[in-house]
Number of protein chains: 2
Amino acid sequence: MSVTEATTGGDDRRAQAFDALAAQFGDRFSRSEAVRLQHGHTVTLLANQPPEAVVFAESTQDVAFAVRVCADAGVPVIAFGTGTSLEGHVNAPRGGVSIDLSRMNRIVEINPDDLDCTVEPGVTRKALNAHLRDTGLFFPIDPGADASLGGMTATRASGTNAVRYGTMKDNVLALTVVLPSGEVIRTGSRARKSSTGYDLTRLFVGSEGTLGIITGITLKLFGIPEEIAAGVCPFESVDGACRAVIATIQSGIPVARIELLDAEQVAACNGYSKLTLAEVPTLFVEFHGTKAGVAEQADLFGAIAADNGGGAFVWATRAEDRSRLWQARHDVYWATQALKPGWRVTATDVCVPISRLADCVVATAADVADSGLIAPIVGHVGDGNFHLTLLADPADPEMLGRASALIGRLNLRAIEMGGTCSGEHGVGQGKLKYLEREHGPGALDVMRRIKHAIDPDGIMNPGKMPG
Amino acid sequence: MSVTEATTGGDDRRAQAFDALAAQFGDRFSRSEAVRLQHGHTVTLLANQPPEAVVFAESTQDVAFAVRVCADAGVPVIAFGTGTSLEGHVNAPRGGVSIDLSRMNRIVEINPDDLDCTVEPGVTRKALNAHLRDTGLFFPIDPGADASLGGMTATRASGTNAVRYGTMKDNVLALTVVLPSGEVIRTGSRARKSSTGYDLTRLFVGSEGTLGIITGITLKLFGIPEEIAAGVCPFESVDGACRAVIATIQSGIPVARIELLDAEQVAACNGYSKLTLAEVPTLFVEFHGTKAGVAEQADLFGAIAADNGGGAFVWATRAEDRSRLWQARHDVYWATQALKPGWRVTATDVCVPISRLADCVVATAADVADSGLIAPIVGHVGDGNFHLTLLADPADPEMLGRASALIGRLNLRAIEMGGTCSGEHGVGQGKLKYLEREHGPGALDVMRRIKHAIDPDGIMNPGKMPG
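Keep in mind the model is a prediction, meaning the values are calculated, not measured.

Engineer: Account for empty space enclosed by the protein, with residues named and values stated.
Structural biologist: Using the criterion set out here, one finds one cavity of 30 Å³ or more in the structure. In this model, the largest cavity occupies a volume close to 250 Å³. Within the residue set of the lining of the largest cavity, elements represented by two or more residues are helix 17 (435-454) of chain A together with strand 8 (172-178) and helix 9 (200-204) of chain B. By residue number, the principal contributor to the lining of the largest cavity is helix 9 of chain B, which donates three residues. Grouping the constituent residues of the lining of the largest cavity by class yields five nonpolar, nine polar and nine charged.

Engineer: Break down the UniProt feature "domain: FAD-binding PCMH-type" (unreviewed entry) in chain A for me, citing the residues and quoting the values.
Structural biologist: On the UniProt side, "domain: FAD-binding PCMH-type" (unreviewed entry) is annotated at positions that read residues 47-224 of chain A here. Measuring from the first to the last C-alpha atom of residues 47-224 of chain A gives 42 Å, for a span that is 23% helix and 24% strand.

Engineer: I'd like a rundown of the relation of the copies chain A and chain B, residues and numbers included.
Structural biologist: Look at the two chain copies: a rotation about an axis and a shift along it is all it takes to match them. With an RMSD of 0.0 Å, the fit of chain A onto chain B corresponds to turning through 180° and sliding 0.0 Å along the axis. With respect to symmetry, the two chain copies, as superposed, fit the operation of a two-fold axis. An overlap of 100% is found between the interface residues of chain A and their copies at the interface of chain B, pointing to a shared contact surface.

Engineer: Summarise the nonpolar core; cite the residues concerned and give the values.
Structural biologist: Core analysis: the biggest nonpolar cluster contains 78 residues, and L219(A) and L219(B) have the highest contact counts within it. What L219(B) contacts, discounting residues up to four positions off in sequence, is L115(B), D116(B), C117(B), V119(B), L128(B), F139(B), L149(B), M168(B), N171(B), V172(B) and L173(B).

Engineer: How would you sum up the pattern of salt bridges? Please name residues and give values.
Structural biologist: For the coordinates displayed, the defined rule picks out 54 salt bridges over all chains. Across the pair D367(A) and R413(A) runs a salt bridge, and its minimum N-O distance is 2.8 Å. One end of the pair, D367(A), is in helix 15 (residues 357-371); the other, R413(A), is in helix 16 (residues 397-416), with 46 residues separating them in the sequence. For the residue pair D367(A) and R413(A), the accessibility class agrees, reading buried in each case. A salt bridge links R190(B) to D114(B); the nearest nitrogen and oxygen atoms lie 3.0 Å apart. Taken together, the residues span a long stretch of sequence, with R190(B) in the loop between strand 9 (184-186) and helix 9 and D114(B) in the loop between strand 5 (107-111) and strand 6 (116-119) at a distance of 76 residues. Just as R190(B) is buried, D114(B) falls in that class too.

Engineer: Outline unusual backbone geometry, listing residues and values.
Structural biologist: Residues and elements named next belong to chain A. In this chain, M465 is followed by P466 through a cis amide linkage whose omega measures -5°. Inspection of the secondary structure puts P466 in the segment after helix 17. Phi at R156 takes a positive value of approximately 55°, unusual for a residue other than glycine. You can see R156 is positioned in the loop between helix 6 (149-154) and helix 7 (162-165). R156 gets classed as buried once you look at its relative accessible area, which sits at 4%. Even without glycine at this site, N461 takes up a positive phi of about 45°. You can see N461 is positioned in the segment after helix 17.

Engineer: Explain the pairing of strand 16 (residues 344-351) of chain B to me, using residue names and the numbers behind them.
Structural biologist: If a strand is regular, its side chains alternate between the two faces of the sheet. All names here are of chain B. The buried fraction of strand 16 is high, at seven of eight residues. Strand direction decides the pairing type here: strand 16 and strand 18 (residues 385-392), joined by eight bridges, are antiparallel. In the strand pairing of strand 18, T346 is matched with L390.

Engineer: Tell me about the packing of aromatic side chains, and please be specific about residues and values.
Structural biologist: Counted under the stated rule, the structure contains 17 aromatic pairs over all chains. Considering the side-chain rings of F287(A) and F301(A), the 6.0 Å spacing of their centres and the 55° angle between planes classify their relative orientation as tilted. You can see F287(A) sitting in strand 14 (residues 282-289) and its partner F301(A) sitting in helix 12 (residues 291-307), a full 14 residues away along the chain. Pairwise contacts between aromatic rings join F138(A), Y165(A) and F222(A) into one cluster. Here K340(A) stacks its cationic end above the ring of W343(A), 5.0 Å away from the centre of that ring. Between R257(B) and the ring centre of W326(B), over which it is positioned, the NZ or CZ distance is 4.5 Å.

Engineer: Any details on the domain arrangement of chain A? Residues and values, ideally.
Structural biologist: Where interface size is quoted, it is often the accessible area lost as the parts come together. All names here are of chain A. Domain boundaries assigned for chain A yield domain 1 (3-100), domain 2 (107-223), domain 3 (227-332) and domain 4 (340-426). The partner domain 2 presents 17 residues to the 14 residues of domain 1 that form the contact. Across the domain 1/domain 2 interface, buried area totals approximately 1100 Å², and carbon plus sulfur atoms make up 70% of it. Sorting the residues of domain 1 by area buried against domain 2 places T60, T82 and H89 first, and these three jointly supply 38% of that buried surface. For the pair domain 1 and domain 2, the interface holds zero salt bridges. For the pair domain 1 and domain 2, the number of links is two residue pairs in polar contact (both at pLDDT 80 or more). Elements with a contribution of two residues or more to the side of domain 1 that touches domain 2: helix 4 (60-73) and strand 3 (77-80). With six residues, helix 4 is the largest single contributor of residues to the side of domain 1 that touches domain 2. Residue classes in the side of domain 1 that touches domain 2 are distributed as seven nonpolar, five polar and two charged.

Engineer: Which residues make up the packing of helix 10 (residues 238-250) of chain B against helix 15 (residues 357-371) of chain B, and what values do they have?
Structural biologist: All names here are of chain B. Following both chains from N to C, one finds helix 10 and helix 15 inclined at 155°, their axes separated by 9 Å at the closest point. Taken together, the axis directions place helix 10 and helix 15 in an arrangement best described as roughly antiparallel. Helix 15 is crossed by helix 10, and the crossing has right-handed handedness. Contacts from V238, D239 and C242 of helix 10 reach helix 15 at L357, A358, V361 and V362. Grouping the amino acids of the contact of helix 10 with helix 15 by side-chain chemistry returns six nonpolar, no polar and one charged.

The rules we used
Residues numbered from 1 in each chain as written. Chains lettered and ligands numbered in written order. Predicted model: local features only at pLDDT ≥ 70, side-chain atom pairs only at ≥ 80, totals over all residues. Heavy atoms only, no water. 1 Å grid on protein atoms, 1.4 Å probe; cavity = no way out; pocket = protein on both sides within 12 Å on 5 of 7 lines; lining within 4 Å. Points joined across faces, edges and corners; volume = space filled by probe spheres on them. Helix = DSSP H or I, 4+ residues; strand = E, 2+ residues; numbered from the N terminus. Nonpolar A, V, L, I, M, F, W, Y, C, P; charged D, E, K, R; others polar. UniProt positions renumbered as here; feature names shortened; annotations may be inferred. Least-squares fit on C-alpha atoms with pLDDT ≥ 70 in both. Contact = heavy atoms within 4.5 Å. Core = buried A, V, L, I, M, F, W, Y, C linked by side-chain atoms within 4.5 Å. Buried < 20%, exposed > 50% of the residue type's maximum accessible area, 1.4 Å probe, protein only. Salt bridge = Lys/Arg side-chain N within 4 Å of Asp/Glu carboxyl O. Pairing = 2+ DSSP bridges. Phe/Tyr/Trp six-rings, centres within 6.5 Å; stacked < 30°, edge-to-face > 60°. Lys NZ or Arg CZ within 6 Å of the ring centre and 35° of its normal. Domains from an automatic or database assignment. Buried area = accessible area lost by both parts, 1.4 Å probe. Polar contact = N/O pair within 3.5 Å; in protein donor to acceptor, adjacent residues only side chain to side chain. Axes fitted to C-alpha atoms, helices over the stretch in contact; angles between N-to-C directions. Parallel < 35°, antiparallel > 145°, perpendicular 65-115°, else oblique. Left-handed = near helix turned anticlockwise from the far one by under 90°.

Listed below in structure tokens is the structure:
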């Protein structure tokens, strides 16, 4: 039975659900093909699987209404933020309704004394930081894309600043969640810590829309540092760069960002961002603190780098210089794309204990070379987390197959080294097949029990985690 | 039916289970009254409720065996560490078997490059730090008592260093857990971050033995700071001290400890620890960093304190001076006890958003005065977390009732101020009745669903969370 049959012929309850949603939401309900296709896909090797309909929610009550209607009819529900996920999180393999949360973009409250704020899920990280600018506060988590904070919460996102400020797991204080029944709960308070009850906040962070829909997020904020310094250091080898990272972390230098680009990635950035960096393994670093503190951190790092085969460490505190550097870092996706315009770019990530990072990067670079593919490496190496950005000709199924196989080997390599098949992108559809290998059947069974206990009818983002 | 009848008369399966445990564990199985009483109680206002038997486990396999035997017979299982919990976590209201984990005290591995270690649950925090001394690393979480790391994990403990290093939630990378079925799972890897699967690690952290028994813990470690400075600052008022704390946190000073003692607590410490502090609201602070960094932090803090009615801020880096200060801080329990030898000391804790801290402390101090009880206040105020240490004559039921009522009002006050009825001690039996008020019926129902999904027969620490 095709999706069309399921939605028009055989299932009156489904049709009635869509009618009810149309009546409630008017022009905020759409079944147009263009809207459906836009909500059924993100940047992956996976095929587009559109939902049957899209609701544009503007409040928790809207979400609760839509979920109740869908629950009554057994219709799948898929949360949608800005569509920047990388592993097919929003694909709709079983049809259903995509709930677009991008219009829930209000900043509900800022509490400067408590260093926290509460936002709706459609607020993006850049919008939040623009709003905060005059308060002297900022929200540090930065996955590169201007993702929604709801999506970042749902995928347990992190990025360049995580080595100092942690991931979404560490920076979400509490959530408002619409459960699969349509009931609304709050998972915690604004207290900085609590020892009461199971940690529902952390259960929903990273649950990828499979347990409920996040409609409110209370986040930690931080004071904008008095001084920020950023710099670049070339290395003779990936191994030397990794050893410098380990020594930096061990020595307690509170580095705010420490990113490794392999020679190929540096070359791509030189081309795209008009830089003139030596095309060797390179660390991009950033320090936050007082003027004196930042200078001390930079000096200590420079000495550690020199001990590990690093070349001249150049650092600057001028905002323009720093911005240029980090813009280049954030543009690696586009820099890689520019190497082969028209080819498909696929970003994948893994994370390993930092002691295995050099081994994993070196083995992966050799695998890339053997595969004949173009795939620069860049990583949040302070956390042991790195990305392959693969290029493949979409018209060449054999090459796409080689890319897919390379990703598969990378995932298994990371798991075998005691790591994880995703440090920050999440599972979605792309990494589902590695979950049991990583967690073992017993832990996966616990996840399935939790899923069934909270979503007994399996309507929340079906076909995804925990599988 | 009495416990004795249940265990000897009416339930052959129960008796067979005890026989099976006796056969397996020999002299590591005990039903002696002294051993049972020792395992049925900790420091609380609650009555002792001993288990029917105690197993001294020495391995994950021992725990799995005991849990399987108990599960087959429907016998409750209660994990026991060092017996330092404060809310009746180990009481056995439905009888059953206490599994004493104190002999599982091996440090399994230390990974200096990864700044992590794996320990058995009976290792205490002091034992771990003694073992680490030569590595240049340390484990920062410090709840005062020399608790077991298993107990600290199970109660989501924290303590004086949490303002800088976080709580157990932030410092546990992965766990080995024996499920209620006797099956053993691993909840994560040694990777610093992961976006794959539900966060089972955080689910078991703080689950208080109600979902499974923790038999292995992988923890983050930190480099011992190059320099540590500690100091004391008197304030005119609790409000001024709280405002100084808020300004310190907001300004980004990475304070490692910041503790408030009210005038009564300072007086108690002067008496017990032979200090000569002014008997006014006082902040104890500690800074970690480089020599220059620590000096800068201390100077910045001194200026902030002065702006908020603080007196002379005296700080020192000599280990002896620091130790004397923090020993006095850690001895507040005994200092309070010394005010009324023979009376019962009850410690309770709450946590509120830091902007409400002064209100909550001032209202609580007034309530203490009205109640006619002796109850000094001390707190981890950088997190908005504080404790009442109540004294009551155990021979005076009316006074015990007043103490209990005071605690009740404190819990509700914290919840009404947007906080939690426990920042770090946990729920146990003592705070069970506040869970629904704090979390709401919907969130509590989700917790119950999770409990039922993982422990369908309710054998793990029954009569406790989620109720």
